[in-house]
Amino acid sequence: MRTLELIFKSSDDKTKTMTISYASGNLAGEDVQKKMQAISVLGMFDKDGVNPYQTPIAAQYKSTEIDPLFDTRK
C-alpha cells in the first residue's frame with residue numbers, strides 16, 4: 001500500500017503529519033507544495049489558537065509491503 005504523507009510545522013513548533021491513503025501516485029512536488037500552502041492558509045484545523053498545519057516542510061510517498069504467509073479467504 002502506498003500513502004502520501006504531508007509534513008508540517010505547527011504554530012507551537014511541533015511536527016505534524018497528515019496522511020492521505022488514496023492519493024494519486026504521480027503528483028509533482030511543486031503541486032503538492034502549493035496545495036499544502038493552501039491548507040496552511042485556510043487555518044481550518046486550528047484548535048485553541050494552534051494551527052497544526054502552519055508551515056509545509058516536506059511531502060513524501062510511503063510504501064508498505066505485505067508479504068502474506070497464508071490467506072484462507074480465496
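Shown above is the structure to which this text applies.
Presented here is a report on the structure given in the accompanying data block. (Residues numbered from 1 in each chain as written. Predicted model: local features only at pLDDT ≥ 70, side-chain atom pairs only at ≥ 80, totals over all residues. Heavy atoms only, no water.)

## Quick look at the side chain of T3
Point 1. Relative to the assigned elements, T3 resides in strand β1 (residues 2-9).
Point 2. The contacts of T3, once residues within four sequence positions are left out, are T19, I20, S21, Q60, Y61 and K62. (Helix = DSSP H or I, 4+ residues; strand = E, 2+ residues; numbered from the N terminus. Contact = heavy atoms within 4.5 Å.)

## Things to note about the side chain of S10
Point 1. In this fold, S10 is placed in the loop between β1 and β2 (15-20).
Point 2. With residues near it in sequence (within four places) discarded, S10 still touches K16, N51, P52 and Q54.

## Brief notes about the pattern of salt bridges
Point 1. What the rule picks out here adds up to three salt bridges.
Point 2. The salt bridge involving D13 is made with K9; its shortest N-O contact spans 3.9 Å.
Point 3. Salt-bridge contacts for R73 lead to D71; the nearest nitrogen and oxygen are separated by 2.8 Å.
Point 4. In this structure R73 comes out as exposed when scored by relative accessible area, which is 74%. (Salt bridge = Lys/Arg side-chain N within 4 Å of Asp/Glu carboxyl O. Buried < 20%, exposed > 50% of the residue type's maximum accessible area, 1.4 Å probe, protein only.)

## Focus: the packing of aromatic side chains
Point 1. Under the criterion given, the structure shown has two aromatic pairs.
Point 2. Relative to Y53, the ring of F8 lies with its centre 5.0 Å away and its plane at 65°, an arrangement referred to as edge-to-face. A residue pair is termed long-range when its members are at least 10 positions apart, and F8 in strand β1 and Y53 in the loop between α1 (29-42) and β3 (55-63) qualify at 45 residues. No difference in accessibility class separates F8 from Y53, as the two residues are buried. (Phe/Tyr/Trp six-rings, centres within 6.5 Å; stacked < 30°, edge-to-face > 60°.)

## Quick word on the environment of T64
Point 1. Within the secondary structure, T64 sits in the segment after β3.
Point 2. With relative accessibility at 46%, the residue T64 sits in the partly exposed group.
Point 3. Put simply, T64 and D31 are 33 residues apart on the chain and 24 Å apart in space, counted from C-alpha to C-alpha.

## Let's talk about the nonpolar core
Point 1. Grouped together as the largest cluster of nonpolar side chains are eight residues: L4, L6, F8, M18, V32, M36, I39 and Y53.
Point 2. Secondary-structure elements contributing two or more residues to this core are β1 and α1.
Point 3. Excluding residues that lie within four positions of it along the chain, Y53 makes contacts with F8, K9, K16, T17, M18, I39, S40 and F45. (Core = buried A, V, L, I, M, F, W, Y, C linked by side-chain atoms within 4.5 Å.)

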